[in-house]
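# Residue-level structural notes
Each chain, letter by letter, is given below.
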Amino acid sequence: MANEPRLTTTIHVAGGSFDGNGPNNLRNPALFIGGDDDFATSNVERDYTNTRVPVWFNILDNTDHIMATRNSQHIITAWLRWHLADEEFRRTENFLRSGCTFCDLGEVAYKNW
C-alpha cells in the first residue's frame, strides 16, 4: 500500500515488515512509531535502517504494543497536520530539530530530510 502514488505520507505504528522488505515500497515521507516494551519494535528499527525516503522514528518510553497508538496520538496528529494541512512550522518545531516537541518522549531518530 505504501507505494500507492496518491499517498502523501504513511504512518507505521507498532509494527514493521516481517520480511524486512517494507521500506522498498515507501515513496514519500514516513512516520515510524514503536514502544520500548513492544515486541514489534525490532521490525520497525530494521525498517527504519533500510528506509531511503525521509523518515522520523520514535521509540516511545513506557509503551507496549497495545499502547503505542494511544500514546502517539498527538504525534500522529501533528505529523498529519504538517504533511496534509501544510502546517510547515511543525517540521522544525515538532519533528526535525534537537529539542523538538516530541523528542523527550523516547528515543528519536530521523534521516533523509
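What you see is a predicted model, and the numbers here were worked out from it, not measured in a lab. (Residues numbered from 1 in each chain as written. Predicted model: local features only at pLDDT ≥ 70, side-chain atom pairs only at ≥ 80, totals over all residues. Heavy atoms only, no water.)

## Re the sheet that holds strand S1 (residues 10-13)
Just so we agree on the cut-off: Criterion used throughout: strands pair if DSSP finds at least two bridges between them. Helix numbering and strand numbering both begin at the N terminus, where a helix is a DSSP run of H or I of at least 4 residues and a strand a DSSP run of E of at least 2. Geometry is summarised by axes, namely lines fitted to C-alpha atoms with helices restricted to the contacting stretch, and by angles between N-to-C directions that run from 0 to 180 degrees. Residue contacts are defined here by distance: any two heavy atoms, one from each residue, within 4.5 Å place the two residues in contact.
The mixed open sheet is built from four strands, whose spatial order is S1-S2-S3-S4. Here the strands that pair on one side only, and so sit at the sheet edges, are S1 and strand S4 (106-111). Taking the axes of each pair of neighbouring strands and ignoring which way they run, one obtains an average angle of 15° across the sheet. In this fold helix H3 (residues 73-84) packs onto S1, strand S2 (30-37) and strand S3 (55-64), with an angle of close to 170° to the strand it touches most, S2.

## Concerning the pattern of salt bridges
Proximity of charged atoms lets side chains of opposite charge pair with each other. Selection criterion: Just to be clear on terms, a salt bridge is a Lys or Arg side-chain nitrogen sitting within 4 Å of an Asp or Glu carboxyl oxygen. Partly exposed describes any residue whose relative accessible area lies between the buried limit of under 20% and the exposed limit of over 50%, with all areas from a 1.4 Å probe on protein chains only and scaled to the type maximum.
Tallying each qualifying case throughout the model produces four salt bridges. Measuring nitrogen to oxygen at the nearest pair gives 2.5 Å for the salt bridge that ties Glu87 to Arg90. Overall, Glu87 belongs to the buried group, its relative accessible area being 15%. Residue classification places Arg90 among the buried residues on the basis of a relative accessible area of 16%. A network of salt bridges, in which partner residues are shared, links Arg81, Glu87 and Arg90.

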